[in-house]
Amino acid sequence: MRAPYKHNQRITAVIAAAGAVALITGSIVVGLAGEDAAAEPDSAKNQQIEAPAPLQVGSALTRTAADGGKVVNLTLDDGPDPRWTPKALELLKAHEAKATFCLTGPNAKKHPDLVKEIVSAGHRLCNHAVSHDTAMDKKDVAYQEKEIMDAKRMIDEASGSARVWYYRAPGGAFTPESREIAARDGMANLGWNVDPGDFNRPGADKIVSAVQDQLKTKGPTILMHDGGGDRSQSVEALEKLLPWLKEQGYGFSFPKVPEAG
């Protein structure tokens, strides 16, 4: 309850309702019983949800799907990006598809609303380190741990402590130590099977063809990007791939989380 107003403050009205007292000064209402959540203090509205307990996961790389049958795991790296991530989310929603978004810590920190939108749409979060250092595997363990855990804290703050299911090393620069660090904090180490090279912008049609060709023998985890530069070709390719995948009888899954031990 707020401290009483000083005697020189003008109180316009005192209203008694259901045994509670509201003080109204100008247009500000204080402590009115029965008010809905919209009238709660900002501190209550912005309170983070309790962080989920870490999963007990193994440190092996995961590339398979959690669901059986003919499925794919869509993964989108290097976002969130205010230009491309909303377009990807719109396409995924239109085709009732799910994806795993591998976020860099700084991008998550810059765009917390997008991180929350990803979670609320039923997609999964993946930690993609802080600086996207593709030579992480050549650095010492303390550096690797800082890259992973600093990014995890940024993503936690941006999402309101939603679960971060996976860790994907930039450029696949995993080490035994980095895999253990991620697993210890409940993040499965996420690899991929299909890499259409969309990061290098070869053209949307070439991206589509590469995914189609590689899925025949490599699937099911597809690496694509919604951040890290101009991703217009990636979005265009996704727009073509999603209906094609459904036409071919593919469903949409998430990467399997390996069990500890």
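Here the structure is shown first, and the text comes after it.
Structure report, in brief. Just so it is clear, the model here is predicted, and its values are computed rather than measured.

Here the focus is the nonpolar core. Formed by 48 residues in total, the largest nonpolar core has its most connected members in L74, Y167 and L215. Element by element, the count of residues in this core is highest for helix α8 (residues 232-247), at 7 residues.

Where helix α7 (residues 204-215) contacts α8, the axes come no closer than 8 Å and their chain directions differ by 40°. If you check the angle between α7 and α8, you find them oblique. Seen along the crossing, α7 lies across α8 with a hand that is right-handed. Touching A204, D205, I207, V208, V211, Q212 and L215 of α7 are Q233, S234, E236, A237, K240, L241, W244 and L245, all from α8.

Right, let's talk about α7 for a bit. Its 12 residues give α7 an end-to-end C-alpha distance of 17 Å, which sits within 8% of 16 Å, the value for a rise of 1.5 Å per residue. In this structure, the buried side of α7 is in contact with β5 (71-79), β10 (221-225) and α8.

With that settled, consider the pairing of β5. Here β5 lies mainly inside the structure; 9 of its 9 residues are buried. Note that β5 and strand β11 (residues 251-252) share 2 bridges and pair parallel. Directly across from V71, in β11, lies its bridge partner G251. Pairing of β5 with strand β6 (residues 99-103) involves 5 bridges; the strand directions are parallel. Across the sheet, L74 pairs through a bridge with A99, a residue of β6. You can see the chain leave β5, run along helix α2 (residues 85-94) and come back into β6, and the turn it takes is right-handed.

In this structure, the second largest pocket encloses a volume near 170 Å³. Contributing to the lining of the second largest pocket are D77, D78, H128, H132, G171, W192, D195, G197, F199, N200, L223 and H225. Only β5 and β10 provide two or more residues apiece to the lining of the second largest pocket. Its residues placed into classes, the lining of the second largest pocket shows 3 nonpolar, 6 polar and 3 charged.

Criteria and thresholds
Residues numbered from 1 in each chain as written. Predicted model: local features only at pLDDT ≥ 70, side-chain atom pairs only at ≥ 80, totals over all residues. Heavy atoms only, no water. Core = buried A, V, L, I, M, F, W, Y, C linked by side-chain atoms within 4.5 Å. Buried < 20%, exposed > 50% of the residue type's maximum accessible area, 1.4 Å probe, protein only. Helix = DSSP H or I, 4+ residues; strand = E, 2+ residues; numbered from the N terminus. Axes fitted to C-alpha atoms, helices over the stretch in contact; angles between N-to-C directions. Parallel < 35°, antiparallel > 145°, perpendicular 65-115°, else oblique. Left-handed = near helix turned anticlockwise from the far one by under 90°. Contact = heavy atoms within 4.5 Å. Expected span 1.5 Å × (residues − 1). Pairing = 2+ DSSP bridges. Right-handed = clockwise from strand over helix to strand, strands pointing away. 1 Å grid on protein atoms, 1.4 Å probe; cavity = no way out; pocket = protein on both sides within 12 Å on 5 of 7 lines; lining within 4 Å. Points joined across faces, edges and corners; volume = space filled by probe spheres on them. Nonpolar A, V, L, I, M, F, W, Y, C, P; charged D, E, K, R; others polar.

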